[in-house]
Amino acid sequence: MKTRTALIYLAVLLVLAGYFYYFEVVRHKAEIEEKEAALRLFQVEKARITSLRLDKDGAQPIRLKKNGQWQIVEPINSRADEFAVGNLLTILESLKIEREVETGAQDLQPYGLDKPRIHLSFLADDTRHQLRLGAKAVVGNHYYASGDQENRVVLLDANQQQGLDKSLFDLRSKEFFTLKSDEVDRVEIEAAEGKLVLTKLENKGWQASAAPELRIKSTKIEGLLSRLTWLRAKSFLENGESNSTQLGLDPARIKISLFEKDKTETLLLGKTKKYEGVYTKGGGLPGVAMVDDKLLEELPRSLADLEDRTLLAFELDEVKAVSLEVAGETGRLMRHGEKWKWADGDS
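Position numbers for residues count from 1 along each chain, tracking the sequence in the order it is written. Totals for whole chains, interfaces and linings use every residue, but because this is a predicted model, local features are given only for residues with pLDDT of at least 70 and side-chain atom pairs only at 80 or more, for both listing and counting. Excluding hydrogens and water, the side-chain figures rest on all heavy atoms present in the structure.

### Describing the nonpolar core
When a protein is soluble and globular, its nonpolar side chains tend to lie buried together. Using the following cut-off: Here, the term nonpolar core denotes a set of buried Ala, Val, Leu, Ile, Met, Phe, Trp, Tyr and Cys residues that are joined through side-chain atoms within 4.5 Å. For the exposure calls, accessible area comes from a 1.4 Å probe over protein chains only, and a residue counts as buried if that area is under 20% of its type's maximum, exposed if over 50%, partly exposed in between. Think of it this way: any DSSP run of H or I at least four residues long counts as a helix, any run of E at least two long counts as a strand, and we number them from the N terminus. Contacts are assigned to residue pairs with any non-hydrogen atoms lying within 4.5 Å of each other.
Of all hydrophobic cores here, the largest spans 33 residues; its most connected members are Phe176, Trp206, Leu258 and Leu269. Secondary structure elements with two or more residues in this core: β10 (186–191), β11 (194–200), β12 (206–208), α5 (218–229), β14 (254–260), β15 (263–273) and β17 (285–291). Here this core gets four residues from one element, more than from any other, and that element is α5. Setting aside residues no more than four positions away along its own chain, Phe176 makes contact with Arg79, Leu231, Arg232, Ala233, Leu267, Thr280, Gly282, Gly283, Gly284, Leu285, Ala289 and Val291.

Written out as structure tokens, the structure is:
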């Protein structure tokens, strides 16, 4: 009887606990999420956005489209910076209305929305959305804005406004090589000193085609590839391609090519401009760019720069024993797992 009563009480307790959890935790959390969603300017998910257009005062319109990866299609045709575009989409998805100023404004001029500083339109699930950013509010750190309802004026946080104020340079890719360093199986460097051709071997070492017998220090090649695949443009030149000869790019002073099976990516290096860097072209980026001139110091110019001068070449993990001879006395160390011990009979 006591057991039955205890089970009844336990069942009642579990029902009450479930009731409390649902209404006090689950429902409360859902209500908070609903309120937060109601404050968002757009009810969209960033993953559903497939195109963007950004118009700014005094700048050319920037149009981007997503086809697997984001691509800038206007005013240039170039890969987009996926990280920068991703940040922009995150801000659009989470834009929060700080306060509604006017529901149906007849005059947008006082808010700077008749000629917005930034006008951003985007397509999500085949629906075109509009965002206009106007003047800074007199009180507080906010900006006037309007969304799909042009005459509904709201306030947005200034930090959100800054995150949307992007230039062409901000949104375009600055990455020259799309190949990853561990994918490259052949490297070619052409300069006035000659041409270096290096091929990756099956054992992950490297071989120079001009001197197959020469030992190449793999870490030097790996360091070079890491430097190249992480190389980024510092700036881009307007109409730079029309001046390729004057910039030392036609013909190029240095030509770097990276290969991976049937894929090839090439970078051309030209003249150096003091305090600004080296004129650069190629690598999958349109136009002429500037890169840090320290790259020139890091490039090998001959096989001597890559030669492995290590006296003994071996893998440390493969060493099982070491013999030592000092003043006529001989000793032998043996590896036992992770530890080393003197061999029996050695002092």
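### Side note on the sheet that holds strand β18 (residues 321–326)
Defined as follows: By this definition, two strands are paired if DSSP reports at least two bridges between them. Axis definition: a line fitted to C-alpha atoms, over the contacting stretch in the case of helices. Angles run 0 to 180 degrees between N-to-C directions.
Reading across the sheet, the three strands line up as β18-β19-β20 and stay open at both edges, with antiparallel pairing between neighbours. The open sheet has two edge strands with one neighbour each: β18 and β20 (339–342). Geometrically, the sheet is characterised by an average inter-axis angle of 25° between neighbouring strands, direction not taken into account. Relative to strand β19 (residues 329–336), β18 is paired through six bridges, and the arrangement is antiparallel. Bridge pairing in β19 places Glu325 opposite Thr330.

### Some words on the sheet that holds strand β1 (residues 49–56)
One key point about sheets: their strands pair by backbone hydrogen bonds, in either a parallel or an antiparallel sense. Within the open sheet, the nine strands sit side by side as β4-β3-β2-β1-β6-β7-β8-β9-β5. Their pairing is antiparallel. Two strands lie at the open edges of the sheet, namely β4 (78–79) and β5 (99–102), each paired on one side alone. Relative to strand β7 (residues 127–136), strand β6 (residues 118–124) is paired through seven bridges, and the arrangement is antiparallel. Bridge assignment links His119 to a residue of β7, and that residue is Arg132. On top of the sheet, helix α2 (residues 82–94) reaches β1, β2 (62–67), β3 (69–74), β6 and β7; it is set at about 90° to β1, its chief contact.

### Here we look at unusual backbone geometry
In this structure, the amide linkage connecting Glu74 to the following residue, Pro75, adopts the cis form with an omega of 5°. The peptide bond linking Asp250 to Pro251 adopts the cis configuration, its omega dihedral lying at 5°. As for its position among the elements, Pro251 is in the loop between β13 (235–237) and β14. One non-glycine residue, Lys261, lies in positive phi territory at about 55°. Within the secondary structure, Lys261 is located in the loop between β14 and β15.

### Let's talk about a nonpolar patch on the surface
Counted only if it meets this: Patches draw on residues past 30% relative accessible area with no salt bridge. Two like charges within 9 Å are joined, as are two nonpolar side chains (Val, Leu, Ile, Met, Phe, Trp, Tyr) within 5 Å. Residue burial considers only the protein chains on display, and all accessible areas are found by Shrake-Rupley using a 1.4 Å probe. The working definition used for a salt bridge is a side-chain nitrogen of Lys or Arg within 4 Å of a carboxyl oxygen of Asp or Glu.
Taken together, Leu7, Leu10, Leu13 and Leu14 make up a surface patch of nonpolar side chains, about 420 Å² in accessible area. Following the sequence through the fold, Leu7 ends up in helix α1 (residues 2–39).

Function-wise, these values are silent; they only describe arrangement.
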